[in-house]
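Working through the structure, step by step
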Amino acid sequence: HERGGSLAADVSIDVLRAEIVADIRDIVDRMVRAKYEKECCQVYSSCRREGLDSCLGILGIERLSIEEVHKIEWNQLDDKMKRWVQVVKIMVRVVLTSEKRLCESIFDGEGCDLIREVCFVESGKWCVLQLLNFGEAVAIGKRSPEKLFRVLDMYEGLSDTLKYLRCLFSDESGEFVI
């Protein structure tokens, strides 16, 4: 959907089809009325976490251990670092923003404020942590002159998205992510 302003306003995605959102909203409403808020949060967060992991995979981010990152040849690592900068911006400004909008749409009933925030934080934090883990692995790896500028690019990309992260995870439950 096109709007105006920042990248987040320029690009928005519908994470789920409207009819599915309506069905999930009905299920959430029933679970909340039946006092199954905790179970609702667990299931929702788990399912959405899988969706966000899938987005990372589609964008070319693979889960790598610190050791695996340190063993990658420079040319490959350079490509992964460039991709990481792009993906961080897309994930935070577009995907997580759309994910929060989905959460707000699904958990819009009476008494759902806390559930909405917890569900978003629980599903989104794993995506952010996976991205940050790669950045940390690169940062603690062997230092080299050619790596310096790419690490600075990564820092700049993360720094640019920090204000979006602060808006997305603005409640007390999101402080961990920030």
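Anyway, here's the lowdown on the structure attached to this text. On a predicted model such as this, the values are computed, not experimentally measured, just so you know.

A few words now on the overall build of the chain. Counting secondary structure elements, the chain contains seven helices and zero strands. If you list the helices and strands of the chain from N to C, you get α-α-α-α-α-α-α. Residues classed as buried in the chain amount to 37% of the 178 residues present. Here the contacts in the chain between residues at least 6 apart in sequence split such that 76% fall between residues at least 24 apart. In the form shown here, the chain has an accessible surface area of approximately 10600 Å², with 53% of it arising from carbon and sulfur atoms. Counting 26 positive and 32 negative side-chain charges, the chain places the averaged centre of each group 3 Å from the other.

Let's shift gears to the packing of helix α3 (residues 37–58) against helix α5 (residues 74–106). Direction vectors running N to C along α3 and α5 enclose 155°, while the axes themselves pass 11 Å from each other. Relative to α5, the element α3 is oriented roughly antiparallel. Regarding α3 and α5, the two cross each other, and that crossing is right-handed. Judged by residue contacts, Y44, R48, L52, C55 and L56 of α3 engage V87, M91, V95, L96, E99, L102, C103 and I106 from α5. For the contact of α3 with α5, the per-class residue count stands at eleven nonpolar, no polar and two charged.

Attention now moves to a nonpolar patch on the surface. A cluster of nonpolar side chains, namely L148, F149 and L152, defines an oily patch on the protein surface of about 320 Å² accessible area. Position of L152 relative to the elements: it lies in helix α7 (residues 145–168).

Moving on, we get to the side chain of E117. For E117, the location among the structural elements is in helix α6 (residues 113–139). Ignoring sequence-local partners within four residues, the contact set of E117 consists of K100, D171 and S173.

What counts and what doesn't
Residues numbered from 1 in each chain as written. Predicted model: local features only at pLDDT ≥ 70, side-chain atom pairs only at ≥ 80, totals over all residues. Heavy atoms only, no water. Helix = DSSP H or I, 4+ residues; strand = E, 2+ residues; numbered from the N terminus. Buried < 20%, exposed > 50% of the residue type's maximum accessible area, 1.4 Å probe, protein only. Contact = heavy atoms within 4.5 Å. Areas by Shrake-Rupley, 256 points an atom, 1.4 Å probe, with all protein chains shown as cover. Lys, Arg positive; Asp, Glu negative; His and termini not counted. Charge placed at Lys NZ, Arg CZ, Asp CG, Glu CD. Axes fitted to C-alpha atoms, helices over the stretch in contact; angles between N-to-C directions. Parallel < 35°, antiparallel > 145°, perpendicular 65-115°, else oblique. Left-handed = near helix turned anticlockwise from the far one by under 90°. Nonpolar A, V, L, I, M, F, W, Y, C, P; charged D, E, K, R; others polar. Patch = residues over 30% accessible without salt bridge, like charges linked within 9 Å, V, L, I, M, F, W, Y side chains within 5 Å. Salt bridge = Lys/Arg side-chain N within 4 Å of Asp/Glu carboxyl O.

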